[in-house]
Structure formats: C-alpha cells, structure tokens
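Architecture at a glance
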Number of protein chains: 2
Amino acid sequence: MTRPEPAEAASRRPTRQRSALLAVLSDTDGFRSAQELHALLRARGDGVGLATVYRTLQALTDQGQVDVVRNADGEATYRRCSTAHHHHLMCRSCGRTVELADSPVERWAARVADQHGFADVQHQLEVFGTCAACAAAREPQR
Amino acid sequence: MTRPEPAEAASRRPTRQRSALLAVLSDTDGFRSAQELHALLRARGDGVGLATVYRTLQALTDQGQVDVVRNADGEATYRRCSTAHHHHLMCRSCGRTVELADSPVERWAARVADQHGFADVQHQLEVFGTCAACAAAREPQR
DNA sequence: AACGTTCATGAGAATCATTCTCGCACAGTT
DNA sequence: AACTGTGCGAGAATGATTCTCATGAACGTT
C-alpha cells in the first residue's frame, strides 16, 4: 500500500516464452488468434502456457509491437507489425493481408471529431475483400 | 416439398418480444449490448428470454435494421440505425454516438483494394474519442 | 557462486458472452 | 376445434479470455 507505484509497465523481463512467441509471430504471415499461436508454439516444441500467451500478447499490444484485429466472430487476432500507424486490407477468404499507410482517414477522423467536440481521438479501420488469387479460384465454379 | 421456397427470411412473424426489443432500441441513444438490452427489457416488465434477444438481434441485423459494433472488449453492441451506409463517432466514456456520413474512406478503400487486386470490398470503421461533456467532467479531478 | 527479492510462468478454475437444445405455446389455416 | 409450423424460453453447452496461486526463473547484491 505504502509502496510507490512501479512507475510504468515499461520494460519487462526477457524470457524464453516471450521470445518464442515473438518468433512464431515473425514466421507467420496473417493474423492469428491467441489459441492458434498457442497451438503453433506447442507444435514447435516450445510449449508455452495459454495464460502466458494471452498475457504476453497483451503486453506486446500495449507496447505497439503487435496489431490486434477482431475477426467477424469477435475473436482477437494478432500480428507482428511495423509500429507506425496503418490499416489493413485483408482477404476474407485466405487471410492474406496488405498493410495500408497514408489513408485519408486520419485527417478526416480528426476533423469530424473536432467538429463534434470530441477529444483524444482514435479510430479503427479494416478493409476486407477477396484477393485476386481467391477470386480466380472461385470464378470457374460459378 | 413441392411448395416454392419462402422467398427469403424476409418478414417473420411479428411478436410481442420483437416489438418490445425494437421499442427499447428506439428509446435508447447509444449502442447497447445484448445483455444490457435483456436487462432493460426485464426492468420494463417486458421480460424476454435472453436467447430470444440474441436471435432477434441477429435477425434484425441481417435485415439491416440495426447496426452492430464491437466495443473494445469484443462485445457486440447494437443500435437501431438508418439503413444507409455510415460510420460512428463514439464517446469511449459515456457511449454517446454520432453518425458520420460522407467519409472519404469509401472511395479510398475502393481504390487501394483495386490497386492490390482485391474485389468485393467492404470495410469497417469506427472512431472513438472523449466527448466534450466527459472531458469536462474529468478535467477537474486531475 | 550462493542468497533473497521480485516478477513471470503455467495448470486449472472461474467468468462471461453467445449459441444450442428441446419441450411448450401460440398464430394462422382448414 | 384440431392441425401444423414457427417463435419462445430455461437451462445446458461452448469457447475465448481472465484470474488464482504456488512454483520457478532472472537480477542485484554479497
């Protein structure tokens, strides 16, 4: 109680579990759910507890080292990402993702928020579509 | 068997439960979770089963009569809305929402999707902030 | 290198939203 | 009124995420 606050949850201890998780994230292309990542780690032999996966993912998210996107089911999916702010164009069929920078949304969001008296603005934008490959694979069937 | 399909799951039977739910949605300003709506109904005396709330909400969503937005916790929240495509500016503190039309996102999303060979594009955009009232209420404390 | 403090880990329990199951009730029809 | 199909609701089931707490690893100090 009398102890002063631990400043910030800034730098945490480096552990095997954390680097294993980062490794899987780096080797992975699309967004993966915590459950999937947990399974992948186990498959690799780098077993990591599920709770730790969630904890670490959350920490990495707070640090901006990974992006979180909720899929249609509301499940959180994660991906290692460049730290700069950006959005994603995701194929709804194969999950392939393209990072999109420089959207006009940033400025627009700031402007309308200001117009309505809102401060401290954030936004969340995802674009979904069917990529060329998946579209081609589906076309013949119709 | 020989009877032609019921066209679409368009109009279902009108029931007390459904109109009660629509009534609550109409009387409500912000987005509400299914659980909240269920509680509100119960408080009104128009008790409706939880399962029914979910079922009906889903049907209304499919018909485009309500909007669904997932909050930061991944919980689905619902609101009766105009059917035209639009986005929301939501206060992260009190939940107050403003509908935003005419964003530049539509065109931009279509363009970048095209550039990357993606077809059949959709997007999902929410803007969060702190509204003037909530900002004012918080200021003094610091 | 050994020690003690502190923080991360992990197994399993607990939570919580959402969906499923299935018997019952009711609307519309004959 | 009897029939038939559809909606309802209580509670169980599911599944992701979080919590608990005892154990173990990492770090700073001797």
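A brief report on the enclosed structure follows. (Residues numbered from 1 in each chain as written. Chains lettered and ligands numbered in written order. Predicted model: local features only at pLDDT ≥ 70, side-chain atom pairs only at ≥ 80, totals over all residues. Heavy atoms only, no water.)

Some remarks on the pairing of strand β3 (residues 76-80) of chain A
Looking along a regular strand, one sees side chains alternate from face to face of the sheet. Residue and element names in this part refer to chain A. Where burial is concerned, most of β3 is hidden: four out of the five residues are buried. Here strand β1 (residues 32-33) runs beside β3; their pairing, made up of two bridges, is antiparallel. Opposite Ser-33, over in β3, you have Thr-77 as the bridge partner. Inspection of the sheet shows strand β2 (residues 66-70) paired to β3 by five bridges, in the antiparallel sense. Across the sheet, the residue bridging to Val-68 is Tyr-78, located in β3. (Buried < 20%, exposed > 50% of the residue type's maximum accessible area, 1.4 Å probe, protein only. Helix = DSSP H or I, 4+ residues; strand = E, 2+ residues; numbered from the N terminus. Pairing = 2+ DSSP bridges.)

Side note on the sheet that holds strand β5 (residues 97-100) of chain A
Pairing is mixed across the open sheet formed by six strands, whose spatial order is β5(A)-β4(A)-β6(A)-β6(B)-β4(B)-β5(B). The sheet terminates laterally at β5 of chain A together with β5 (97-100) of chain B, the two strands that pair on one side only. Between one strand axis and the next, the sheet turns through 20 degrees on average, direction left out of account. For strand β4 (residues 87-91) of chain A and strand β6 (residues 119-130) of chain A, the ladder comprises four bridges, and the chain directions are parallel. Bridge assignment links A:Met90 to a residue of β6(A), and that residue is A:Phe128. In this fold helix α4 (residues 105-115) of chain A packs onto β4 and β6 of chain A together with β4 (87-91), β5 and β6 (119-130) of chain B, with an angle of close to 135 degrees to the strand it touches most, β6(A). Of the strands in this sheet, β4, β5 and β6 of chain A together with β4 and β6 of chain B are in contact with helix α4 (residues 105-115) of chain B, which crosses β6(B) at around 135 degrees. (Axes fitted to C-alpha atoms, helices over the stretch in contact; angles between N-to-C directions. Contact = heavy atoms within 4.5 Å.)

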